[in-house]
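Chain and residue survey
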Amino acid sequence: MSSPEPTSPETPRLLRALAGETLERPPIWFMRQAGRSLPEYRELRTRAKDFIAFCHDPEMAAEATLQPMRRFPLDAAIVFADILLIPRALGQEVWFEAGEGPRLGPLPEIAALEREIEASTGRLSSIGETLSRVRGELEPERALIGFAGAPWTVATYMIEGKGSNREAARTFAYQNPEVLDALLEVLVESTARYLVMQARAGAQALKIFESWAEQLAEDVFERIVIQPHRRIVERVRAAGVTVPFIGFPRGAGALVDNYAAGVPVEGVALDTQASAEQGRRLQRNGKCIQGALDNLLLRAGGPALDARVEQILEQWEGGPHIFNLGHGVMPDTPIAHIARVVERVTGKKVAAEMAA
Ligand code: CP3
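A brief structural summary. (Residues numbered from 1 in each chain as written. Predicted model: local features only at pLDDT ≥ 70, side-chain atom pairs only at ≥ 80, totals over all residues. Heavy atoms only, no water.)

Things to note about the environment of V188
Here V188 is to be found in helix α10 (residues 177-201). In this structure V188 comes out as buried when scored by relative accessible area, which is 0%. When the C-alpha atoms of V188 and H229 are compared, they prove to be 7.7 Å apart, with 41 residues separating the residues in sequence. Look past the residues within four positions of V188 in its chain and what remains in contact with it is P151, P228, R231, I232 and R235. (Helix = DSSP H or I, 4+ residues; strand = E, 2+ residues; numbered from the N terminus. Buried < 20%, exposed > 50% of the residue type's maximum accessible area, 1.4 Å probe, protein only. Contact = heavy atoms within 4.5 Å.)

In structure tokens form, the structure reads like this:
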């Protein structure tokens with residue numbers, strides 16, 4: 001499906017790919033490009049009270065969003081925020097333990113969450129301000145991406161209270177199907193409103209991160225991944241927003257085809273194990289594909305990285321493609337490895353002082 005927005009040669013490369021164009025070279029950006037792999041991010045981070053305060057400070061968050069754009073000739077920026085800002089805006093306690101990751105307080109009653117849906121978008125207005133600031137500073141040929149976590153992935157954190165193997169969340173889903181469905185519906189509604197706000201504030205594409213789409217049987221995947229994603233896209237479209245969507249059902253395996261057939265997204269982000277043929281099949285079915293480079297290979301570097309970059313470029317050159325990773329940049333990834341891949345894909349030189 002192509003974007004309703006018409007494109008021209010001045011349209012940012014990322015948006016041309018998402019509109020279904022096959023380009024002479026793919027646009028490139030990296031999942032989790034803003035963050036701990038950059039020393040200037042780590043320096044900025046020391047100035048914030050905590051990670052959540054950082055995300056809600058438009059000046060600092062805009063700076064973090066722009067840092068990788070200054071270093072590398074990337075085709076898109078992704079707003080600096082987090083998928084766990086939504087549960088916090090809905091009234092669940094969320095904090096980040098240094099070196100351990102996210103922690104959440106007890107899951108509120110569904111009725112209590114429902115009462116907060118309307119107010120939640122206003123509590124996230126600082127992210128809209130970050131987007132407007134970044135859009136004002138970014139060159140017109142570079143696109144700005146907004147995002148949210150997908151309902152099931154966010155629900156796993158809300159149910160378990162931390163990052164985990166999601167066994168407790170899956171068990172909860174089987175034992176309390178009505179509660180889970182009601183929770184997913186709260187998240188569909190609050191997320192759709194949040195994404196509408198982001199598009200109005202300057203996001204030119206919207207990404208839905210379903211980081212934990214793995215290990216779900218086909219019918220469960222349909223109910224807790226495909227249907228909620230579909231309802232989000234439909235609600236955002238019903239609000240008059242026409243920007244393209246990228247869906248990232250990480251770990252879906254063969255069910256990626258079900259996802260692409262069932263969710264009206266323009267782009268599908270593929271994880272590390274996606275096959276060349278799976279990607280080509282999606283391209284033939286009208287989707288722009290993104291991803292698949294192993295984030296550990298980016299960190300490892302060397303001839304294996306160079307070879308895989310060539311392979312990805314070649315295997316997907318026949319259709320719309322966005323060059324990206326299969327998951328986020330690891331914090332200890334050498335900057336020289338990122339610079340090398342960006343140079344290869346864009347044909348542009350990264351200044352020496354920016355590549356180390
Ligand atoms: O991509 C970007 O550069 C934009 C910013 C961004 C962050 N988180 C900043 C962040 C994005 C797009 C996310 C998405 C996110 N957050 C996901 C989905 C993508 C994925 O990786 O699967 C998930 C599952 C989260 C939840 C989350 N936030 C976890 C599990 C953690 C701790 C561990 C980790 O991966 O860092 C965070 C913290 C977080 N989010 C940091 C950053 C820069 C590190 C916090 C710090 O600087 O102290």
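Focus on the side chain of R142
The topology assignment puts R142 in the loop between α7 (125-137) and β4 (143-149). Here R142 falls in the buried class, since its relative accessible area comes to 10%. For R142, the residues in contact, after removing those within four places along its chain, are P12, M69, F72, P73, L74, D75, R135 and Q204.

Points about the packing of aromatic side chains
The tally for this structure, following the rule as stated, stands at 7 aromatic pairs. With centroids separated by 5.9 Å and ring planes inclined at 80 degrees, the aromatic side chains of F51 and F80 adopt a geometry described as edge-to-face. In this pair, F51 is assigned in helix α3 (residues 51-55) and F80 in the loop between β1 (76-78) and α5 (85-89), connecting sequence segments 29 residues apart. On the accessibility criterion, F51 (12% relative accessible area) is buried. Residue class for F80 comes out buried when judged on its relative accessible area of 6%. Taken together, a centroid distance of 6.1 Å and an interplanar angle of 85 degrees make the contact between F209 and F248 edge-to-face. Placement of F209 in strand β5 (residues 205-210) and of F248 in strand β6 (residues 245-249) is noted, with a sequence separation of 39 residues between them. Here F209 and F248 have matching classes, each one buried. Lying over the aromatic face of W212, R166 brings its terminal NZ or CZ to 3.6 Å of the ring centre. (Phe/Tyr/Trp six-rings, centres within 6.5 Å; stacked < 30°, edge-to-face > 60°. Lys NZ or Arg CZ within 6 Å of the ring centre and 35° of its normal.)

Some points on the site of the ligand
By nearness alone, 21 residues border the ligand, and R36, Y41, D82, S211 and H327 come closest of all. R36 places a side-chain nitrogen or oxygen 2.5 Å from an oxygen atom of the ligand. Taken by itself the ligand offers 860 Å² of open surface, and the protein chains cover 87% of this. Elements represented by at least two residues in the shell around the ligand include exactly α2 (39-45) and β3 (101-104). Residue composition of the shell around the ligand, by class: 13 nonpolar, 4 polar and 4 charged. (Near = heavy atom within 4 Å. Polar contact = N/O pair within 3.5 Å; in protein donor to acceptor, adjacent residues only side chain to side chain. Areas by Shrake-Rupley, 256 points an atom, 1.4 Å probe, with all protein chains shown as cover. Nonpolar A, V, L, I, M, F, W, Y, C, P; charged D, E, K, R; others polar.)

Considering the sheet that holds strand β8 (residues 288-291)
Here we have 7 strands laid out as an open sheet, ordered β1-β4-β5-β6-β7-β8-β9, and parallel in their pairing. Edge positions in the sheet fall to β1 and β9 (321-322), since each has one partner strand and no second. (Pairing = 2+ DSSP bridges.)

Concerning the pairing of β4
Of all 7 residues making up β4, 7 are buried, and the element is well covered by its neighbours. Side-chain alternation along β4 places A143, I145, F147 and G149 on one buried face and L144, G146 and A148 on a second face that is also buried. For β1 and β4, the ladder comprises 3 bridges, and the chain directions are parallel. The residue of β4 that forms the bridge with I78 is I145. Here β4 pairs with β5 via 5 bridges, running parallel.

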